[in-house]
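One letter stands for each residue in the lines below.
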Amino acid sequence: MSLVDTEALVLRTYNLAEADKIVVCLTKDAGLVRGVAKGCRKLRNRFGASLEPFTFVHLTYYEKENRELVSIRQTEILKSNFNLSSDPSVVTALAYLGDLLIEFSPPHQTNELLFRMSTACFDAIGESPEDLQSVLRYFEVWLLKIEGFLPDLKRCAECHRIFNSDEPVFMSADLVMRCLSCSNGRGGSLSRGLHAHLRTTEKLSPGKFAEGSREVPAATKKEFAELTHQMISRVLERLPRVRPTMFQ
Ligand SMILES: [Zn+2]
């Protein structure tokens, strides 16, 4: 049995027996972790409000070899994100981010980049809830990228030529991007505006991306939301369990 000490983002909880909870967290050092918090539903308990979804905590747990479920010993709130829970659209969006993380990340697989990207998106929503939809798009693109599903946005997958900023780009059903001549016009075409907007996710933080998105036309944002929805659905082979209003 070993003791692990790490930062974590609480994603979801389930009641277990009379007084316990199963807590699903994305941790910095061990990826997705499911743990039992014994007695945490009793009136006086050592966890307090630290195991509410979307709380950023310092987490201490015991793990046993070959057991997926860990035993949560101690938590300390680093950031409550409690202010976000009063807005139902934000709560739905955060639940959606949590569900995607649970769907995409294999348990106990360290992925510090995923952890940093996710906490940066939570922070960006906290700082500017009105940019919620743009931060969701950013999160979706980066989640696909980190998990290895995002097609190369820079060059044609077939002739490897770098796309010009003014040429049409086509994405096939198996999530491959090609130029016009390689694709023969098959697959969905991306507007130039969307292609350019998509590529800015690679260069900016979620907050800066969301700020820049305020100037982007609504039609491009709608096309963006449809594209990421299509890519995620394709990857999951089904629709995500929760999906907030897609369009602003
Ligand atoms: Zn090509």
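Quick caveat, the model's predicted, so the values are computed rather than measured. (Residues numbered from 1 in each chain as written. Predicted model: local features only at pLDDT ≥ 70, side-chain atom pairs only at ≥ 80, totals over all residues. Heavy atoms only, no water.)

(A) View of the coordination of the zinc ion. The zinc ion binds to the protein through Cys156 (SG), Cys159 (SG), Cys179 (SG) and Cys182 (SG), with metal-donor distances spanning 2.3 Å. For the zinc ion, the four donor atoms in the first shell make angles of 101 to 118° at the metal, so the coordination geometry reads as tetrahedral. Positions of the donor residues of the zinc ion along the chain correspond to the pattern C-x2-C-x19-C-x2-C. With Cys159 in the loop between helix H3 (132-146) and strand E6 (169-171) and Cys182 in helix H4 (residues 180-183), this residue pair connects regions lying 23 residues apart in the sequence. Residue class for Cys182 comes out buried when judged on its relative accessible area of 19%. (Donors = N, O, S within 2.8 Å, 3.2 Å for Na, K, Ca; no water. Tetrahedral: all angles 85-135°; square planar, octahedral: opposite > 155°, others 65-115°. Helix = DSSP H or I, 4+ residues; strand = E, 2+ residues; numbered from the N terminus. Buried < 20%, exposed > 50% of the residue type's maximum accessible area, 1.4 Å probe, protein only.)

(B) Examining the packing of helix H2 (residues 112-127) against H3 more closely. Direction vectors running N to C along H2 and H3 enclose 175°, while the axes themselves pass 10 Å from each other. It follows from the interaxial angle that H2 and H3 lie roughly antiparallel. Of the residues in H3, those in contact with Leu113, Leu114, Met117, Ser118, Cys121, Ala124 and Ile125 of H2 are Leu132, Val135, Tyr138, Phe139, Trp142, Leu143 and Ile146. Of the residues assigned to the contact of H2 with H3, the class counts are 13 nonpolar, one polar and no charged. (Axes fitted to C-alpha atoms, helices over the stretch in contact; angles between N-to-C directions. Parallel < 35°, antiparallel > 145°, perpendicular 65-115°, else oblique. Contact = heavy atoms within 4.5 Å. Nonpolar A, V, L, I, M, F, W, Y, C, P; charged D, E, K, R; others polar.)

(C) Inspection of the packing of aromatic side chains at higher detail. Enumeration according to the criterion identifies six aromatic pairs in this entry. Between Phe56 and Phe115 the ring centres are 6.1 Å apart and the planes differ by 35°, which places this aromatic pair in the tilted class. Residue Phe56 is found in strand E4 (residues 56-63), and its partner Phe115 is found in helix H2; the two are separated by 59 residues along the sequence. With a relative accessible area of 3%, Phe115 lands in the buried category. Geometrically, the ring pair formed by Phe104 and Phe149 is edge-to-face, given 5.9 Å between the ring centres and 80° between the ring planes. (Phe/Tyr/Trp six-rings, centres within 6.5 Å; stacked < 30°, edge-to-face > 60°.)

(D) Structural detail: the packing of helix H1 (residues 88-104) against H3. At a minimum axis distance of 11 Å, the contact between H1 and H3 shows a crossing angle of 0°. In terms of orientation, H1 and H3 fall into the roughly parallel class. Packed against H1, whose contacting residues are Ser89, Val90, Ala93, Tyr96, Leu97, Leu100, Leu101 and Phe104, the element H3 presents Leu132, Leu136, Phe139, Glu140, Leu143 and Leu144 at the interface.

(E) Quick peek at the pattern of salt bridges. Under the counting rule described, the total for this entry stands at twelve salt bridges. Measuring nitrogen to oxygen at the nearest pair gives 4.0 Å for the salt bridge that ties Glu211 to Lys208. Here the residue Glu211 and the residue Lys208 both occupy positions in helix H6 (residues 206-213), the gap between them amounting to three residues, near one helical turn. Assessed through its relative accessible area of 41%, Glu211 is described here as partly exposed. Sharing partners across several salt bridges, the network here consists of Lys145, Lys154 and Glu202. (Salt bridge = Lys/Arg side-chain N within 4 Å of Asp/Glu carboxyl O.)

(F) Representation of the environment of Leu69. Tracing the sequence through the fold places Leu69 in strand E5 (residues 69-79). The exposure class of Leu69 is partly exposed, given its relative accessible area of 37%. Along the chain, Leu69 and Glu112 lie 43 residues apart, while their C-alpha atoms are 21 Å from each other. Excluding residues that lie within four positions of it along the chain, Leu69 makes contacts with Ile22, Arg34, Gly35 and Val36.

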